[in-house]
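Architecture and fold: a report
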Amino acid sequence: MQEHGEADEARIAALFREAASGAPPPGFDATQVVATSRRITRRRRSAVAGAALAVLAVVGVGVVAGLGGPSDATVTAASGQAADAAGSGSGAGPEGAARAAAPEAAAPDAAGGAAAGSPFDPSAASSPGGAEPVPAPGPAAAAVPPIGTPLGPGTGECADRQDPALRALVDQALPEVVGAPKAATTLECRPGGERGVVLEVGGGILTVTYLPPGAVTAPQDGALTAPTASGGTVVVGSRADRAGDAAPLADRLEPAMAYLAPHL
Amino acid sequence: MSQGSRNRAGGSVRPGVVADAEQEFDAYFRARRDAVRRTAFLLCGDWHRADDHAQAAFVALHRHWRRIRDRAALDAWMRRTLVRTVVDESRRPWRRERATDTSPEGVVEGPADGPADAIATRHVLVDGLRAVPPRQRAVLVLRFLEGLDVAATAEVLGCSPGTVKSQTAHGLAALRAALGDALDDLRPAG
(Lines give C-alpha, C1' and ligand atoms only; values in the text may rest on other atoms or scores of the structure.)
Protein backbone atom coordinates (compact mmCIF):
# COMPACT_ATOMS: atom_id res chain seq x y z
CA MET A 1 0.00 0.00 0.00
CA GLN A 2 2.80 2.32 0.96
CA GLU A 3 4.65 1.38 -2.23
CA HIS A 4 1.56 2.09 -4.27
CA GLY A 5 1.29 5.48 -2.66
CA GLU A 6 4.92 6.27 -3.35
CA ALA A 7 4.58 5.06 -6.92
CA ASP A 8 1.56 7.27 -7.34
CA GLU A 9 3.43 10.26 -6.03
CA ALA A 10 6.40 9.57 -8.28
CA ARG A 11 4.18 9.32 -11.37
CA ILE A 12 2.32 12.48 -10.44
CA ALA A 13 5.56 14.31 -9.78
CA ALA A 14 6.85 13.29 -13.18
CA LEU A 15 3.66 14.58 -14.77
CA PHE A 16 4.00 17.90 -12.98
CA ARG A 17 7.61 18.29 -14.04
CA GLU A 18 6.65 17.51 -17.60
CA ALA A 19 3.80 19.97 -17.51
CA ALA A 20 6.13 22.71 -16.28
CA SER A 21 8.70 22.08 -18.95
CA GLY A 22 8.99 23.92 -22.24
CA ALA A 23 9.11 27.33 -20.67
CA PRO A 24 9.41 30.28 -23.05
CA PRO A 25 12.36 32.64 -22.62
CA PRO A 26 12.05 34.56 -19.37
CA GLY A 27 10.44 37.96 -19.57
CA PHE A 28 12.65 39.56 -16.94
CA ASP A 29 16.22 39.57 -15.73
CA ALA A 30 18.10 40.52 -12.60
CA THR A 31 18.67 44.08 -13.80
CA GLN A 32 14.95 44.67 -14.13
CA VAL A 33 14.27 43.11 -10.75
CA VAL A 34 16.87 45.28 -9.02
CA ALA A 35 15.70 48.41 -10.82
CA THR A 36 12.07 47.73 -9.88
CA SER A 37 13.05 47.02 -6.31
CA ARG A 38 14.97 50.28 -6.02
CA ARG A 39 12.17 52.24 -7.64
CA ILE A 40 9.68 50.84 -5.15
CA THR A 41 12.05 51.53 -2.27
CA ARG A 42 12.53 55.12 -3.41
CA ARG A 43 8.80 55.57 -3.76
CA ARG A 44 8.18 54.16 -0.30
CA ARG A 45 10.83 56.39 1.20
CA SER A 46 9.36 59.40 -0.53
CA ALA A 47 5.93 58.48 0.74
CA VAL A 48 7.25 58.03 4.26
CA ALA A 49 9.17 61.30 4.05
CA GLY A 50 6.10 63.06 2.71
CA ALA A 51 3.95 61.66 5.48
CA ALA A 52 6.54 62.68 8.06
CA LEU A 53 6.68 66.18 6.61
CA ALA A 54 2.91 66.39 6.66
CA VAL A 55 2.85 65.32 10.30
CA LEU A 56 5.59 67.81 11.13
CA ALA A 57 3.69 70.54 9.33
CA VAL A 58 0.52 69.75 11.24
CA VAL A 59 2.41 69.63 14.53
CA GLY A 60 4.25 72.83 13.63
CA VAL A 61 1.03 74.63 12.84
CA GLY A 62 -0.39 73.41 16.13
CA VAL A 63 2.65 74.59 18.06
CA VAL A 64 2.65 77.95 16.31
CA ALA A 65 -1.05 78.33 17.00
CA GLY A 66 -0.43 77.34 20.60
CA LEU A 67 2.40 79.80 21.06
CA GLY A 68 0.93 82.56 18.98
CA GLY A 69 -2.67 82.19 19.99
CA PRO A 70 -2.81 84.25 23.17
CA SER A 71 -0.57 87.01 21.94
CA ASP A 72 -2.47 87.17 18.68
CA ALA A 73 -5.72 87.36 20.56
CA THR A 74 -4.32 90.02 22.81
CA VAL A 75 -2.99 92.01 19.93
CA THR A 76 -6.24 91.70 18.08
CA ALA A 77 -8.24 92.68 21.09
CA ALA A 78 -5.94 95.60 21.63
CA SER A 79 -6.22 96.49 17.98
CA GLY A 80 -9.93 96.37 18.25
CA GLN A 81 -9.80 98.60 21.24
CA ALA A 82 -7.42 100.96 19.48
CA ALA A 83 -9.76 101.08 16.54
CA ASP A 84 -12.61 101.71 18.89
CA ALA A 85 -10.62 104.42 20.55
CA ALA A 86 -9.98 105.96 17.17
CA GLY A 87 -13.63 105.62 16.45
CA SER A 88 -14.46 107.53 19.57
CA GLY A 89 -12.68 110.50 18.11
CA SER A 90 -15.11 110.48 15.24
CA GLY A 91 -18.08 110.47 17.52
CA ALA A 92 -18.81 106.76 17.33
CA GLY A 93 -18.44 106.39 21.09
CA PRO A 94 -15.70 104.78 23.13
CA GLU A 95 -17.36 101.46 23.82
CA GLY A 96 -16.49 99.74 20.62
CA ALA A 97 -15.87 96.31 22.04
CA ALA A 98 -19.13 96.24 23.91
CA ARG A 99 -20.93 97.62 20.91
CA ALA A 100 -19.49 94.92 18.71
CA ALA A 101 -20.48 92.19 21.09
CA ALA A 102 -23.95 93.35 21.90
CA PRO A 103 -25.68 92.56 18.57
CA GLU A 104 -24.29 89.06 18.58
CA ALA A 105 -25.47 88.42 22.06
CA ALA A 106 -28.87 89.72 21.18
CA ALA A 107 -29.10 87.41 18.19
CA PRO A 108 -27.47 84.07 18.88
CA ASP A 109 -27.23 81.90 15.85
CA ALA A 110 -29.92 79.44 15.03
CA ALA A 111 -27.65 76.44 15.30
CA GLY A 112 -28.39 75.90 18.93
CA GLY A 113 -26.60 78.77 20.52
CA ALA A 114 -23.13 78.33 19.16
CA ALA A 115 -20.91 81.24 20.00
CA ALA A 116 -21.02 84.00 17.48
CA GLY A 117 -17.57 85.20 18.38
CA SER A 118 -15.10 82.38 18.70
CA PRO A 119 -12.15 83.21 20.92
CA PHE A 120 -9.90 81.87 18.16
CA ASP A 121 -11.22 84.19 15.55
CA PRO A 122 -11.36 87.69 17.01
CA SER A 123 -12.53 89.02 13.70
CA ALA A 124 -15.75 87.13 14.32
CA ALA A 125 -16.60 89.81 16.86
CA SER A 126 -17.37 92.02 13.92
CA SER A 127 -18.99 89.27 11.87
CA PRO A 128 -22.64 90.07 11.55
CA GLY A 129 -23.62 86.52 10.72
CA GLY A 130 -21.89 85.15 13.72
CA ALA A 131 -22.25 81.62 12.42
CA GLU A 132 -18.81 80.49 13.42
CA PRO A 133 -18.21 76.83 14.19
CA VAL A 134 -18.16 75.88 17.81
CA PRO A 135 -14.54 75.84 18.91
CA ALA A 136 -13.13 72.62 20.23
CA PRO A 137 -11.69 72.65 23.74
CA GLY A 138 -8.30 71.52 22.44
CA PRO A 139 -7.37 74.63 20.46
CA ALA A 140 -8.74 76.77 23.25
CA ALA A 141 -6.32 75.12 25.60
CA ALA A 142 -3.54 75.64 23.08
CA ALA A 143 -4.29 79.38 22.96
CA VAL A 144 -3.69 79.74 26.67
CA PRO A 145 -0.19 80.52 27.90
CA PRO A 146 1.27 78.10 30.41
CA ILE A 147 1.26 78.87 34.07
CA GLY A 148 4.14 81.18 34.81
CA THR A 149 3.25 83.66 32.10
CA PRO A 150 -0.02 85.10 33.33
CA LEU A 151 -2.21 86.94 30.90
CA GLY A 152 -2.11 90.16 32.86
CA PRO A 153 -3.94 93.43 32.17
CA GLY A 154 -5.45 94.43 28.87
CA THR A 155 -3.82 97.17 26.84
CA GLY A 156 -6.73 99.05 25.32
CA GLU A 157 -8.13 102.37 26.29
CA CYS A 158 -11.38 100.72 27.25
CA ALA A 159 -11.68 97.21 28.61
CA ASP A 160 -12.61 94.47 26.21
CA ARG A 161 -15.85 93.20 27.70
CA GLN A 162 -15.62 90.04 25.64
CA ASP A 163 -11.89 89.54 25.76
CA PRO A 164 -10.83 86.67 23.45
CA ALA A 165 -7.79 85.68 25.50
CA LEU A 166 -9.80 85.56 28.70
CA ARG A 167 -12.53 83.66 26.88
CA ALA A 168 -9.98 81.05 25.90
CA LEU A 169 -9.03 80.65 29.53
CA VAL A 170 -12.66 80.46 30.59
CA ASP A 171 -13.32 77.77 27.99
CA GLN A 172 -10.43 75.85 29.41
CA ALA A 173 -11.57 76.28 32.99
CA LEU A 174 -15.21 75.51 32.21
CA PRO A 175 -15.45 73.19 29.23
CA GLU A 176 -19.22 73.25 29.56
CA VAL A 177 -19.32 76.85 28.34
CA VAL A 178 -17.34 76.19 25.18
CA GLY A 179 -19.48 77.57 22.40
CA ALA A 180 -21.77 79.49 24.71
CA PRO A 181 -22.97 82.73 23.11
CA LYS A 182 -21.73 86.05 24.33
CA ALA A 183 -24.16 87.95 26.46
CA ALA A 184 -25.00 91.58 25.90
CA THR A 185 -22.83 94.00 27.84
CA THR A 186 -23.20 97.62 28.76
CA LEU A 187 -21.61 100.39 26.76
CA GLU A 188 -19.72 101.63 29.75
CA CYS A 189 -16.02 102.20 29.07
CA ARG A 190 -14.26 100.33 31.79
CA PRO A 191 -10.53 100.95 32.43
CA GLY A 192 -8.40 99.45 29.67
CA GLY A 193 -6.49 97.10 31.96
CA GLU A 194 -9.62 95.12 32.69
CA ARG A 195 -10.73 92.08 30.79
CA GLY A 196 -14.17 90.61 30.76
CA VAL A 197 -16.20 87.69 29.51
CA VAL A 198 -19.97 87.58 29.80
CA LEU A 199 -21.71 84.49 28.52
CA GLU A 200 -25.21 83.18 28.21
CA VAL A 201 -25.22 79.82 29.89
CA GLY A 202 -28.14 77.60 30.63
CA GLY A 203 -30.69 79.71 32.45
CA GLY A 204 -28.46 82.64 33.28
CA ILE A 205 -25.33 84.67 32.76
CA LEU A 206 -21.76 83.82 33.62
CA THR A 207 -19.47 86.76 34.24
CA VAL A 208 -15.71 86.57 34.53
CA THR A 209 -13.78 89.77 35.06
CA TYR A 210 -10.10 90.40 35.47
CA LEU A 211 -9.09 93.56 37.31
CA PRO A 212 -5.54 94.86 36.95
CA PRO A 213 -3.35 95.42 40.00
CA GLY A 214 -4.61 98.27 42.14
CA ALA A 215 -8.14 98.25 40.78
CA VAL A 216 -10.94 97.81 43.25
CA THR A 217 -14.41 96.54 42.65
CA ALA A 218 -17.53 96.44 44.69
CA PRO A 219 -18.35 92.96 45.93
CA GLN A 220 -21.05 91.28 43.88
CA ASP A 221 -23.66 88.90 45.18
CA GLY A 222 -22.55 85.32 44.78
CA ALA A 223 -19.35 86.27 42.98
CA LEU A 224 -16.02 84.84 43.99
CA THR A 225 -12.81 86.82 43.91
CA ALA A 226 -9.21 85.79 44.12
CA PRO A 227 -5.80 87.40 43.59
CA THR A 228 -4.14 86.46 40.32
CA ALA A 229 -0.59 85.65 39.37
CA SER A 230 -0.10 89.07 37.79
CA GLY A 231 -1.17 90.84 40.98
CA GLY A 232 -4.66 91.60 39.77
CA THR A 233 -7.99 90.16 40.80
CA VAL A 234 -10.30 87.71 39.13
CA VAL A 235 -14.01 87.89 39.77
CA VAL A 236 -16.18 84.95 38.79
CA GLY A 237 -19.92 85.04 39.20
CA SER A 238 -23.18 83.84 37.75
CA ARG A 239 -26.79 84.85 38.06
CA ALA A 240 -30.05 83.28 36.99
CA ASP A 241 -32.27 84.87 34.39
CA ARG A 242 -35.27 84.69 36.63
CA ALA A 243 -35.29 85.73 40.25
CA GLY A 244 -35.55 82.78 42.54
CA ASP A 245 -33.92 80.30 40.17
CA ALA A 246 -30.58 78.77 41.02
CA ALA A 247 -27.60 80.49 39.46
CA PRO A 248 -26.07 78.40 36.69
CA LEU A 249 -22.74 76.72 37.25
CA ALA A 250 -22.77 77.76 40.89
CA ASP A 251 -20.83 74.70 41.95
CA ARG A 252 -18.27 75.17 39.20
CA LEU A 253 -17.31 78.74 40.02
CA GLU A 254 -14.80 77.93 42.71
CA PRO A 255 -12.73 75.42 40.72
CA ALA A 256 -12.93 77.73 37.72
CA MET A 257 -11.58 80.60 39.77
CA ALA A 258 -8.85 78.36 41.15
CA TYR A 259 -7.86 77.56 37.61
CA LEU A 260 -8.03 81.11 36.32
CA ALA A 261 -6.14 82.84 39.10
CA PRO A 262 -2.68 81.46 38.26
CA HIS A 263 -3.28 82.13 34.56
CA LEU A 264 -4.25 85.77 34.93
CA MET B 1 25.19 59.61 -5.80
CA SER B 2 26.06 55.96 -5.85
CA GLN B 3 24.15 53.36 -4.01
CA GLY B 4 27.08 52.81 -1.75
CA SER B 5 27.49 56.43 -0.75
CA ARG B 6 23.77 56.79 -0.32
CA ASN B 7 23.80 53.96 2.14
CA ARG B 8 26.90 55.34 3.79
CA ALA B 9 25.16 58.66 4.16
CA GLY B 10 22.29 56.82 5.74
CA GLY B 11 24.77 55.28 8.09
CA SER B 12 23.39 51.78 7.73
CA VAL B 13 25.39 49.73 5.25
CA ARG B 14 28.94 49.95 3.99
CA PRO B 15 29.51 49.99 0.20
CA GLY B 16 31.40 46.70 0.24
CA VAL B 17 28.58 45.02 2.06
CA VAL B 18 26.12 46.41 -0.47
CA ALA B 19 28.19 45.03 -3.35
CA ASP B 20 28.42 41.64 -1.67
CA ALA B 21 24.70 41.57 -1.09
CA GLU B 22 24.00 42.47 -4.71
CA GLN B 23 26.30 39.73 -5.91
CA GLU B 24 24.67 37.23 -3.61
CA PHE B 25 21.26 38.21 -4.84
CA ASP B 26 22.35 37.99 -8.44
CA ALA B 27 23.74 34.51 -7.91
CA TYR B 28 20.57 33.38 -6.19
CA PHE B 29 18.44 34.90 -8.94
CA ARG B 30 20.36 33.12 -11.68
CA ALA B 31 20.18 29.82 -9.84
CA ARG B 32 16.50 29.95 -9.00
CA ARG B 33 14.74 31.97 -11.68
CA ASP B 34 13.69 29.08 -13.89
CA ALA B 35 12.48 26.99 -10.99
CA VAL B 36 10.44 29.88 -9.63
CA ARG B 37 8.96 30.51 -13.07
CA ARG B 38 7.94 26.87 -13.40
CA THR B 39 6.28 26.88 -10.02
CA ALA B 40 4.48 30.10 -10.85
CA PHE B 41 3.34 28.63 -14.15
CA LEU B 42 1.69 25.62 -12.56
CA LEU B 43 0.17 27.83 -9.90
CA CYS B 44 -1.46 30.21 -12.37
CA GLY B 45 -1.49 28.29 -15.68
CA ASP B 46 -0.14 31.05 -17.89
CA TRP B 47 3.49 31.84 -18.67
CA HIS B 48 3.00 35.59 -18.95
CA ARG B 49 1.35 35.82 -15.58
CA ALA B 50 3.86 33.36 -14.23
CA ASP B 51 6.64 35.76 -15.23
CA ASP B 52 4.79 38.61 -13.56
CA HIS B 53 4.39 36.64 -10.34
CA ALA B 54 7.95 35.38 -10.37
CA GLN B 55 9.30 38.86 -10.98
CA ALA B 56 7.15 40.28 -8.20
CA ALA B 57 8.45 37.62 -5.84
CA PHE B 58 12.07 38.35 -6.77
CA VAL B 59 11.50 42.08 -6.37
CA ALA B 60 10.09 41.45 -2.91
CA LEU B 61 13.05 39.24 -2.14
CA HIS B 62 15.50 41.91 -3.27
CA ARG B 63 13.81 44.48 -1.07
CA HIS B 64 14.12 42.17 1.94
CA TRP B 65 17.44 40.65 0.98
CA ARG B 66 19.57 42.23 3.69
CA ARG B 67 17.01 41.47 6.35
CA ILE B 68 16.84 37.76 5.60
CA ARG B 69 19.60 36.43 7.80
CA ASP B 70 18.96 32.75 7.29
CA ARG B 71 20.07 32.20 3.72
CA ALA B 72 19.02 28.56 3.98
CA ALA B 73 15.45 29.77 4.32
CA LEU B 74 15.48 31.73 1.07
CA ASP B 75 13.71 29.06 -0.94
CA ALA B 76 10.97 28.74 1.63
CA TRP B 77 10.62 32.53 1.72
CA MET B 78 10.31 32.69 -2.06
CA ARG B 79 7.78 29.88 -2.21
CA ARG B 80 5.69 31.48 0.49
CA THR B 81 5.78 34.85 -1.26
CA LEU B 82 4.98 33.35 -4.63
CA VAL B 83 2.07 31.24 -3.40
CA ARG B 84 0.64 34.18 -1.52
CA THR B 85 0.92 36.41 -4.56
CA VAL B 86 -0.78 33.94 -6.87
CA VAL B 87 -3.52 32.94 -4.42
CA ASP B 88 -4.24 36.55 -3.55
CA GLU B 89 -4.48 37.50 -7.18
CA SER B 90 -6.78 34.60 -7.95
CA ARG B 91 -9.21 36.01 -5.39
CA ARG B 92 -9.44 39.43 -6.98
CA PRO B 93 -12.76 39.89 -8.72
CA TRP B 94 -11.29 40.88 -12.08
CA ARG B 95 -8.94 37.90 -12.00
CA ARG B 96 -11.27 35.42 -10.36
CA GLU B 97 -10.67 32.12 -12.00
CA ARG B 98 -13.30 30.23 -13.89
CA ALA B 99 -13.03 26.70 -15.12
CA THR B 100 -13.31 26.40 -18.90
CA ASP B 101 -13.66 23.50 -21.28
CA THR B 102 -11.04 24.77 -23.68
CA SER B 103 -7.41 25.58 -23.23
CA PRO B 104 -6.45 29.19 -23.96
CA GLU B 105 -3.37 27.89 -25.74
CA GLY B 106 -5.27 25.45 -27.92
CA VAL B 107 -5.26 21.67 -28.06
CA VAL B 108 -2.21 20.01 -29.51
CA GLU B 109 -2.76 16.94 -31.60
CA GLY B 110 0.07 14.60 -32.42
CA PRO B 111 1.55 11.16 -32.10
CA ALA B 112 1.93 9.63 -28.68
CA ASP B 113 5.33 9.65 -26.96
CA GLY B 114 6.61 12.50 -29.16
CA PRO B 115 7.19 16.17 -28.39
CA ALA B 116 3.58 16.87 -29.25
CA ASP B 117 2.57 14.31 -26.65
CA ALA B 118 4.54 16.13 -23.99
CA ILE B 119 2.93 19.39 -24.99
CA ALA B 120 -0.49 17.75 -24.88
CA THR B 121 0.26 16.41 -21.44
CA ARG B 122 1.25 19.87 -20.31
CA HIS B 123 -1.94 21.41 -21.64
CA VAL B 124 -4.12 18.72 -20.15
CA LEU B 125 -2.54 18.92 -16.73
CA VAL B 126 -2.47 22.72 -16.66
CA ASP B 127 -6.12 22.79 -17.68
CA GLY B 128 -6.92 20.29 -14.97
CA LEU B 129 -5.04 22.32 -12.38
CA ARG B 130 -7.11 25.35 -13.25
CA ALA B 131 -10.14 23.45 -12.01
CA VAL B 132 -8.49 22.83 -8.63
CA PRO B 133 -9.07 25.47 -5.94
CA PRO B 134 -6.00 27.74 -5.53
CA ARG B 135 -4.97 26.54 -2.07
CA GLN B 136 -5.23 22.89 -3.04
CA ARG B 137 -3.41 23.65 -6.26
CA ALA B 138 -0.61 25.27 -4.29
CA VAL B 139 -0.32 22.16 -2.14
CA LEU B 140 -0.13 19.93 -5.20
CA VAL B 141 2.47 22.10 -6.89
CA LEU B 142 4.65 22.35 -3.81
CA ARG B 143 4.47 18.65 -3.16
CA PHE B 144 4.74 17.22 -6.67
CA LEU B 145 6.69 19.84 -8.60
CA GLU B 146 8.88 21.22 -5.83
CA GLY B 147 9.14 17.85 -4.14
CA LEU B 148 8.47 19.17 -0.66
CA ASP B 149 7.34 16.79 2.02
CA VAL B 150 4.24 17.37 4.11
CA ALA B 151 6.08 19.26 6.87
CA ALA B 152 7.91 21.60 4.48
CA THR B 153 4.72 22.28 2.55
CA ALA B 154 2.92 23.07 5.78
CA GLU B 155 5.67 25.50 6.72
CA VAL B 156 5.47 27.31 3.40
CA LEU B 157 1.70 27.57 3.55
CA GLY B 158 1.56 28.35 7.24
CA CYS B 159 -0.82 25.53 8.05
CA SER B 160 -0.73 22.20 9.83
CA PRO B 161 0.60 18.98 8.28
CA GLY B 162 -2.86 17.52 8.63
CA THR B 163 -4.24 20.32 6.49
CA VAL B 164 -1.59 19.66 3.87
CA LYS B 165 -2.53 15.96 3.79
CA SER B 166 -6.22 16.66 3.44
CA GLN B 167 -5.64 19.38 0.85
CA THR B 168 -3.43 17.02 -1.10
CA ALA B 169 -6.15 14.37 -1.14
CA HIS B 170 -8.86 16.87 -2.05
CA GLY B 171 -6.65 18.49 -4.66
CA LEU B 172 -5.78 15.22 -6.34
CA ALA B 173 -9.42 14.20 -6.32
CA ALA B 174 -10.38 17.48 -7.92
CA LEU B 175 -7.62 17.12 -10.49
CA ARG B 176 -8.62 13.59 -11.36
CA ALA B 177 -12.24 14.62 -11.60
CA ALA B 178 -11.31 17.45 -13.92
CA LEU B 179 -9.12 15.30 -16.14
CA GLY B 180 -11.23 12.18 -16.24
CA ASP B 181 -9.36 9.64 -18.33
CA ALA B 182 -7.19 12.17 -20.05
CA LEU B 183 -4.05 11.21 -18.17
CA ASP B 184 -3.53 7.60 -17.25
CA ASP B 185 -0.70 8.44 -14.88
CA LEU B 186 -3.05 10.31 -12.60
CA ARG B 187 -5.17 7.29 -11.94
CA PRO B 188 -4.61 5.79 -8.53
CA ALA B 189 -2.33 2.81 -8.71
CA GLY B 190 -4.11 -0.48 -8.15
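In what follows, the structure referred to is the one given above.
These remarks concern the structure in this document.

What counts, and at which threshold
- Residues numbered from 1 in each chain as written.
- Chains lettered and ligands numbered in written order.
- Predicted model: local features only at pLDDT ≥ 70, side-chain atom pairs only at ≥ 80, totals over all residues.
- Helix = DSSP H or I, 4+ residues; strand = E, 2+ residues; numbered from the N terminus.
- Buried ≥ 20, exposed ≤ 12 C-beta atoms within 10 Å, placed from the backbone.
- Contact = placed C-beta atoms within 7 Å.
- Pairing = 2+ DSSP bridges.
- Axes fitted to C-alpha atoms, helices over the stretch in contact; angles between N-to-C directions.
- Nonpolar A, V, L, I, M, F, W, Y, C, P; charged D, E, K, R; others polar.
- Core = buried A, V, L, I, M, F, W, Y, C linked by C-beta atoms within 7 Å.
- Arc of directions from axis to C-beta.

1. Let's talk about the overall build of chain A
Within chain A, the secondary structure is distributed over six helices and four strands. Sequence-ordered secondary structure for chain A, helices as α and strands as β, is α-α-α-α-α-β-β-β-β-α. With 264 residues in all, chain A has 39% of them scored as buried. Across chain A, every contact between residues at least 6 apart in sequence was considered, and the portion connecting residues at least 24 apart equals 65%.

2. Regarding the overall build of chain B
From N to C terminus, chain B includes eight helices and zero strands. A buried classification covers 31% of the 190 residues belonging to chain B. Put simply, of all contacts in chain B between residues at least 6 apart along the chain, 57% involve residues at least 24 apart.

3. Observations regarding the sheet that holds strand E2 (residues 204-211) of chain A
By definition, the strands of a sheet pair up through backbone hydrogen bonds, in either a parallel or an antiparallel sense. Residue and element names in this part refer to chain A. Pairing is antiparallel in the open sheet, where four strands are placed in the order E1-E2-E4-E3. Of all the strands in the sheet, the pair left with one neighbour each is strand E1 (195-201) and strand E3 (224-227). The mean inter-strand angle of the sheet, taken between neighbouring strand axes irrespective of direction, is 10°. Examined bridge by bridge, E2 and strand E4 (residues 233-240) share eight bridges and lie antiparallel to one another. Paired with Leu-211 across the strands is Thr-233, a residue of E4. The sheet contacts of helix H5 (residues 164-173) involve E1 and E2, and relative to E1 the element is tilted by about 50°. Across the sheet, helix H6 (residues 253-260) is in contact with E2, E3 and E4; its angle to E4 comes to roughly 155°.

4. Some words on the interface of chain B and chain A
Listed per partner, the contact involves 29 residues of chain B and 26 residues of chain A. Secondary structure elements with two or more residues in the side of chain B that touches chain A: helix H2 (15-44), helix H3 (47-64), helix H5 (115-130) and helix H6 (134-145) of chain B. For the side of chain B that touches chain A, the element with the highest residue contribution is H2(B), accounting for eight residues. Looking at the side of chain B that touches chain A residue by residue, the class counts come to 16 nonpolar, four polar and nine charged.

5. Observations regarding the nonpolar core
One broad rule of soluble globular proteins: the nonpolar side chains tend to lie buried together. Membership of the largest hydrophobic core comes to 41 residues, with the highest contact counts inside it found for Phe16(A), Ala40(B), Leu42(B), Leu43(B), Leu82(B) and Val141(B). When residues of this core are traced back to their parent elements, those giving at least two are helix H1 (2-19) of chain A together with H2, H3, helix H4 (74-91), H5, H6, helix H7 (150-157) and helix H8 (161-179) of chain B. Membership of the second largest hydrophobic core comes to 30 residues, among which are Ala183(A), Val198(A), Val201(A) and Leu206(A).

6. Describing unusual backbone geometry
A positive phi angle, near 60°, is found at Leu249(A), a position not held by glycine. Note that Leu249(A) resides in the loop between E4 and H6.

7. Considerations on H6(A)
All names here are of chain A. Residues of H6 that are buried include every one of Leu-253, Ala-256, Met-257 and Leu-260, and no others. Taken down its axis, H6 places every buried residue within 100° of arc, on the same side. Residues Glu-254 and Pro-255 are exposed on H6 and point more than 90 degrees away from its buried face. On its buried side, H6 packs onto H5, E2, E3 and E4.

8. Quick look at the pairing of E2(A)
Residues and elements named next belong to chain A. Most of E2 is tucked away, with six of its eight residues classed as buried. Direction of pairing for E1 relative to E2: antiparallel, over a ladder of seven bridges. Residue pairing for E2: Arg-195 is matched across the bridge by Tyr-210. Once E1 ends, the chain turns through two residues before running back antiparallel as E2, passing Gly-203 with a positive phi of about 80°.

9. Observations concerning the pairing of E3(A)
Residue and element names in this part refer to chain A. Alignment of E3 against E4, held across four bridges, turns out to be antiparallel. The residue of E4 that forms the bridge with Pro-227 is Thr-233. Here E3 folds back onto E4 in antiparallel fashion, the turn holding five residues, of which Gly-231 has a positive phi close to 95°.

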